[in-house]
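# Survey of secondary and tertiary structure
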Amino acid sequence: MAWYPGATRYELQPESDDQPAIRPTQFIMHSIIAPWTAKRVYEYWRDSTNLESHFGLGYEGDLGQFIGTETRADANYQANRRADGTGAVSIETASNLQGSDPWTPAQVEELIKLGVWLHQKHGIPLRICRTWTDPGFGYHRLHAEWAVSGTSCPGDARVKQFKEVVFPGILARAAGTPEEEDDMTPEERKLLVDTAAAVKSIASAVKRIEDKLAIAPWTYKQPGLADKRDMNQVVRDIDKGVKSLSAAGQTPAQIAALADKLADQLADRLAN
Ligand SMILES: [Zn+2]
């Protein structure tokens, strides 16, 4: 049984003792369709249903853990525990009643930190699950086998954040932290470090563009921006530049410097 040190422990019984063990190989993110705190999520699992998730995350970044990560929890249908004993760790996150709002910055930060811990503690690999059984990171609607009868969870805004902010954040943060066991080849490690440097450059570029245009994060679809240039296209441009530099054998420091220069040029073009 493993408990994340960054979460408040609200242990659910009898589930915590009674449910079978899993070897956690996936991390799947959900929206709970209620603006609840982590404690309120715990009370709901405890008092109103025999279902549960491993974690619950409130809007303010308050994080609760209800079941150890090596014990089966619900929320991911066939991925809860597979015949081979592997299973997915689940997190329910506070959302509006439509499940349409983005994660708050505090939620994004906690999702990244928890993702890094799951990678380090359980060796969940730093990739997006390619199939429903593939070890890695994902969101509920990514694979049909993860939902009983189809779902839009966690909502369009959060799927976009998962792809553009949360998963790249886990990748970058994990690469910046020494790992206890390292079975990567030197080529794989170089690719990861290069990618992390690129992601950091892109994140800082987006921040600078946001500052220049004085727009809030998560609200890229602002009037006025559309007639200049779509933010996603900007990110794609930067990403493309960084990838070609990496392929050309540039060091991470050179890539970061050149990506910053490119970002500045793009920010200027956007602002004018
Ligand atoms: Zn869900």
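Whatever comes next refers back to the structure up there.
Below you will find a few notes about this structure. (Residues numbered from 1 in each chain as written. Predicted model: local features only at pLDDT ≥ 70, side-chain atom pairs only at ≥ 80, totals over all residues. Heavy atoms only, no water.)

## Looking at the pairing of strand β6 (residues 136-139)
Side chains G136 and G138 of β6 all project onto a buried face; the interleaved residues F137 and Y139 project onto the opposite face, where all are buried too. As judged from the 4 bridges shared by strand β2 (residues 23-31) and β6, these two strands associate in the parallel manner. Each residue of the ladder has a partner; that of Q26, found in β6, is G136. (Buried < 20%, exposed > 50% of the residue type's maximum accessible area, 1.4 Å probe, protein only. Helix = DSSP H or I, 4+ residues; strand = E, 2+ residues; numbered from the N terminus. Pairing = 2+ DSSP bridges.)

## Some points on the sheet that holds β6
Neighbouring strands of a sheet are bound in pairs by backbone hydrogen bonds; such pairs are parallel or else antiparallel. Strand order across the open sheet formed by 6 strands is β1-β4-β3-β5-β2-β6, with mixed pairing between neighbours. Unpaired on one side and paired on the other, β1 (8-9) and β6 mark the two borders of the sheet. Running at roughly 170° to β2, helix α3 (residues 105-122) makes contact with β2, β3 (55-57), β4 (63-65), β5 (86-93) and β6 of the sheet. (Contact = heavy atoms within 4.5 Å. Axes fitted to C-alpha atoms, helices over the stretch in contact; angles between N-to-C directions.)

## Section: the nonpolar core
Ranked by internal contacts, the top residues of the largest apolar core, which has 30 residues, are M29 and I91. At the level of elements, β2, β3, β5, α3, β6 and α4 (156-175) are the ones that each hand at least two residues to this core. In contact with I91, not counting residues within four places along its chain, are F27, I28, M29, H30, F55, G56, L57, L63, L111 and L114. One finds Y10, Y42, F66 and I67 within the second-largest nonpolar core, a separate group that totals 9 residues. (Core = buried A, V, L, I, M, F, W, Y, C linked by side-chain atoms within 4.5 Å.)

## Some details on the environment of V159
Structurally, V159 is set in helix α4. It is 9.3 Å that separates the C-alpha atoms of V159 and H140, two residues lying 19 residues apart in sequence. If sequence neighbours within four positions are ignored, V159 has contacts with Y139, R141 and P154.

## Observations concerning the pattern of salt bridges
Tallying each qualifying case throughout the model produces 11 salt bridges. With a shortest N-O distance of 3.0 Å, K39 and E43 are connected by a salt bridge. Residue K39 and its partner E43 are located together in helix α2 (residues 38-48), separated by 4 residues, close to a single helical turn. Overall, E43 belongs to the partly exposed group, its relative accessible area being 22%. (Salt bridge = Lys/Arg side-chain N within 4 Å of Asp/Glu carboxyl O.)

## Let's talk about the coordination of the zinc ion
The zinc ion binds to the protein through H30 (ND1), H140 (ND1) and C153 (SG), with metal-donor distances spanning 2.1 to 2.3 Å. In the primary sequence, the donor residues of the zinc ion line up as H-x109-H-x12-C. Here the residue H30 occupies a position in strand β2, and C153 occupies one in the loop between β6 and α4, the gap between them amounting to 123 residues. Summarising the burial analysis for this pair, H30 and C153 share the class buried. (Donors = N, O, S within 2.8 Å, 3.2 Å for Na, K, Ca; no water.)

## Here we look at the packing of aromatic side chains
Counted under the stated rule, the structure contains 11 aromatic pairs. Geometrically, the ring pair formed by Y10 and Y42 is stacked, given 5.2 Å between the ring centres and 20° between the ring planes. Residue Y10 is found in the loop between β1 and α1 (15-18), and its partner Y42 is found in helix α2; the two are separated by 32 residues along the sequence. Here Y10 and Y42 have matching classes, each one buried. The ring of W36 has R40 sitting right over it, with the charged end atom 4.3 Å from the ring centre. (Phe/Tyr/Trp six-rings, centres within 6.5 Å; stacked < 30°, edge-to-face > 60°. Lys NZ or Arg CZ within 6 Å of the ring centre and 35° of its normal.)

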